[in-house]
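Here's the letter readout for the chains.
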Amino acid sequence: MKIAVVQMDVAFADPEKNFLRAQNWIEEAAENAVDTIVLPEMWNAGYALEELDRLADENGERTKAFLSEQAKKCNVNIVGGSVAVKKNGQYFNTQYVTNRNGDIVAEYDKAHLFKLMDEHLYMNAGEKANVFNIEGVTCGGVICYDLRFPEWIRAHVLKGAQIMFIPAQWPSKRIDHWQLLLQARAIENQCYIVAVNRVGKDPNNEFNGHSMVIAPWGDLLLSGETSEGILYAELDLQEVKRVRDTIPVFNDRRPNLYEKIFSE
Ligand SMILES: NC(=O)CCC(=O)C(=O)O
């Protein structure tokens, strides 16, 4: 599967600009015959949480229509990072995924809200996992701070995910955590990790990209880029099986033991 990671800058509180930017990046990526395009977290408005009433996408209608149209037009799958959405009067940080036919194949609300960026004061946490199928491959998608919860990523992998998509707005000052945690999640779960972080700044933080694509053995297929642009990587899904056959972590796990210890 050929992947394009869109390491884009996000205009603060300006959905018009961001939808246009995303469209330009998607069109450019699609010229390189990619299978799947991945956008960053909260790309519609940035972390303009105080203005969610004005900025959040009502039921995600605009985002879903946009992703669906782009996917069909460009003949690509799109993992739509995440956007600020209003559902039943509440706000969520939501990921939509669309396949080449323009069908929305996944909708996921970020499960762990990041207090250091005040997310819990404005947003509601999701209660469901996010496993979906694109190109015949079982994938999972979580969002940014979710990365710090190994059991949450593991839950997706146990449900069959061979690729985990992790869009983010992860500030530069903790970029070392981002890199190490992503690599650890790939190695411990013996899966591909496709992680896209934005660049640029907002009133509170600076973001320096470092989007990463990591193979199941922990090899970095893409890492370290700090400027705005599209990054490409090719995933060989046979590698997941090869790594799991070499070190059979999933056969050697002892879930009964873990449950026993947790319940003591
Ligand atoms: N947007 C986020 O969830 C940021 C998470 C983060 O920066 C972290 O250190 O964790």
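Residues numbered from 1 in each chain as written. Predicted model: local features only at pLDDT ≥ 70, side-chain atom pairs only at ≥ 80, totals over all residues. Heavy atoms only, no water.

Under an unreviewed UniProt entry, the chain has the name Carbon-nitrogen family hydrolase and belongs to Peribacillus faecalis. Listed under Sequence similarities (unreviewed entry) in UniProt, the entry text for the chain is "Belongs to the carbon-nitrogen hydrolase superfamily. NIT1/NIT2 family." (UniProt positions renumbered as here; feature names shortened; annotations may be inferred.)

A.B. asks: So what about the packing of helix α1 (residues 15-30) against helix α3 (residues 61-74)? Which residues, and what values?
C.D. replies: Helix-helix packing: each pair is described by the crossing angle between the helix axes and the interaxial distance. The N-to-C vectors of α1 and α3 enclose an angle of 20 degrees; their axes lie 10 Å apart at closest approach. As judged from the angle between their axes, α1 and α3 are roughly parallel. Relative to α3, the crossing made by α1 is right-handed. Between α1 and α3, the contacting residues are Pro15, Glu16, Phe19, Ala22, Gln23, Ile26, Glu27 and Ala30 on the first element and Arg62, Thr63, Phe66, Gln70, Lys73 and Cys74 on the second. (Axes fitted to C-alpha atoms, helices over the stretch in contact; angles between N-to-C directions. Helix = DSSP H or I, 4+ residues; strand = E, 2+ residues; numbered from the N terminus. Parallel < 35°, antiparallel > 145°, perpendicular 65-115°, else oblique. Left-handed = near helix turned anticlockwise from the far one by under 90°. Contact = heavy atoms within 4.5 Å.)

A.B. asks: Please give an account of the UniProt feature "domain: CN hydrolase" (unreviewed entry) in the chain that cites residues and values.
C.D. replies: Under the UniProt annotation, the feature "domain: CN hydrolase" (unreviewed entry) is placed at residues 1-237. Along residues 1-237, the helical share is 26% and the strand share 31%, with 8 Å between the first and last C-alpha atoms.

A.B. asks: Run through α1, naming residues and quoting values.
C.D. replies: With 16 residues, α1 ought to run about 22 Å at 1.5 Å a step, and its terminal C-alpha atoms sit 22 Å apart, in line with that. Among all positions in α1, only Pro15, Asn18, Phe19, Ala22, Trp25, Ile26, Ala29 and Ala30 are buried. Along the axis of α1, the buried positions cluster into a sector of 130 degrees, meaning they face one direction only. In α1, the exposed positions that point more than 90 degrees away from the buried face belong to Glu16 and Leu20. Elements that come into contact with the buried residues of α1 comprise β1 (2-7), β2 (36-38), α2 (52-55), α3, β4 (77-79) and β16 (229-234). (Expected span 1.5 Å × (residues − 1). Buried < 20%, exposed > 50% of the residue type's maximum accessible area, 1.4 Å probe, protein only. Arc of directions from axis to C-beta.)

A.B. asks: Account for the packing of aromatic side chains, naming residues and giving values.
C.D. replies: Between two aromatic rings, the relevant description is the distance of the centres plus the angle of the planes. Across all of its chains, the model carries seven aromatic pairs by this definition. A ring pair is formed by Phe19 and Phe66, whose centres lie 5.2 Å apart and whose planes are at 85 degrees; its orientation type is edge-to-face. With Phe19 in helix α1 and Phe66 in helix α3, this pair connects stretches of sequence that are 47 residues apart. Note on Tyr145 and Phe149: the rings are 5.1 Å apart at their centroids and 90 degrees apart in plane angle, and the pair reads as edge-to-face. Members of the aromatic cluster, joined through ring pairs, are Phe19, Trp43 and Phe66. Arg62 extends its terminal NZ or CZ atom over the ring of Phe19, reaching a point 3.9 Å from the ring centre. (Phe/Tyr/Trp six-rings, centres within 6.5 Å; stacked < 30°, edge-to-face > 60°. Lys NZ or Arg CZ within 6 Å of the ring centre and 35° of its normal.)

A.B. asks: Report on the sheet that holds strand β14 (residues 212-214), specifying residues and quantitative values.
C.D. replies: With mixed pairing, the six strands of this open sheet are ordered in space as β8-β9-β10-β11-β14-β15. With partners counted over all chains shown, the strands left at the sheet margins are β8 (131-134) and β15 (220-222), one partner each. The sheet shows a mean angle of 25 degrees between the axes of neighbouring strands, direction not considered. One ladder, built from three bridges, connects strand β9 (residues 137-141) with strand β10 (residues 163-168); its direction is parallel. Within the sheet, the bridge partner assigned to Cys139 lies in β10 and is Ile163. Docked against the sheet, helix α6 (residues 175-189) engages β10, β11 (192-197), β14 and β15, running at close to 160 degrees with respect to β11. (Pairing = 2+ DSSP bridges.)

A.B. asks: Which residues make up the side chain of Asp35, and what are the values?
C.D. replies: Along the chain, Asp35 falls in the loop between α1 and β2. Within the local environment of Asp35, its side chain forms a polar contact with the backbone nitrogen of Lys2, the two atoms lying 2.6 Å apart. (Polar contact = N/O pair within 3.5 Å; in protein donor to acceptor, adjacent residues only side chain to side chain.)

A.B. asks: Could you give an account of the layout of surface pockets, naming the residues involved and the relevant values?
C.D. replies: If you add up the space inside the largest pocket, you get close to 350 Å³. Lining the largest pocket are Pro150, Glu151, Arg154, Ala155, Leu158, Glu188, Asn189, Arg253, Pro255, Tyr258, Glu259 and Phe262. Take the lining of the largest pocket: its biggest share by element is five residues, from helix α5 (residues 150-158). For the lining of the largest pocket, the per-class residue count stands at six nonpolar, one polar and five charged. By volume, the second largest pocket amounts to about 290 Å³. (1 Å grid on protein atoms, 1.4 Å probe; cavity = no way out; pocket = protein on both sides within 12 Å on 5 of 7 lines; lining within 4 Å. Points joined across faces, edges and corners; volume = space filled by probe spheres on them. Nonpolar A, V, L, I, M, F, W, Y, C, P; charged D, E, K, R; others polar.)

A.B. asks: Which residues make up empty space enclosed by the protein, and what are the values?
C.D. replies: Inspection of every chain in the model, using the stated rule, returns one cavity of 30 Å³ or more. Taken together, Tyr47, Lys110, Phe114, Met117, Cys144, Tyr145, Arg148, Gln169, Trp170, Pro171 and Arg174 make up the full set of residues lining the largest cavity. Of the residues contributing to the lining of the largest cavity, the split by class is seven nonpolar, one polar and three charged.

A.B. asks: I'd like to hear about the pattern of salt bridges, residue by residue, with values.
C.D. replies: Counted by the stated rule, this structure contains 16 salt bridges. The closest approach of N and O atoms between Arg185 and Glu188, which form a salt bridge, is 2.4 Å. Residue Arg185 and its partner Glu188 are located together in helix α6, separated by three residues, close to a single helical turn. Accessibility expressed as a relative area gives 7% for Arg185, which makes it buried. Taking the shortest distance from any N to any O, the salt bridge between Glu264 and Lys260 comes out at 3.9 Å. Residue class for Glu264 comes out exposed when judged on its relative accessible area of 68%. Several salt bridges share partner residues, and in doing so they unite Asp35, Arg100 and Glu135 into one network. (Salt bridge = Lys/Arg side-chain N within 4 Å of Asp/Glu carboxyl O.)

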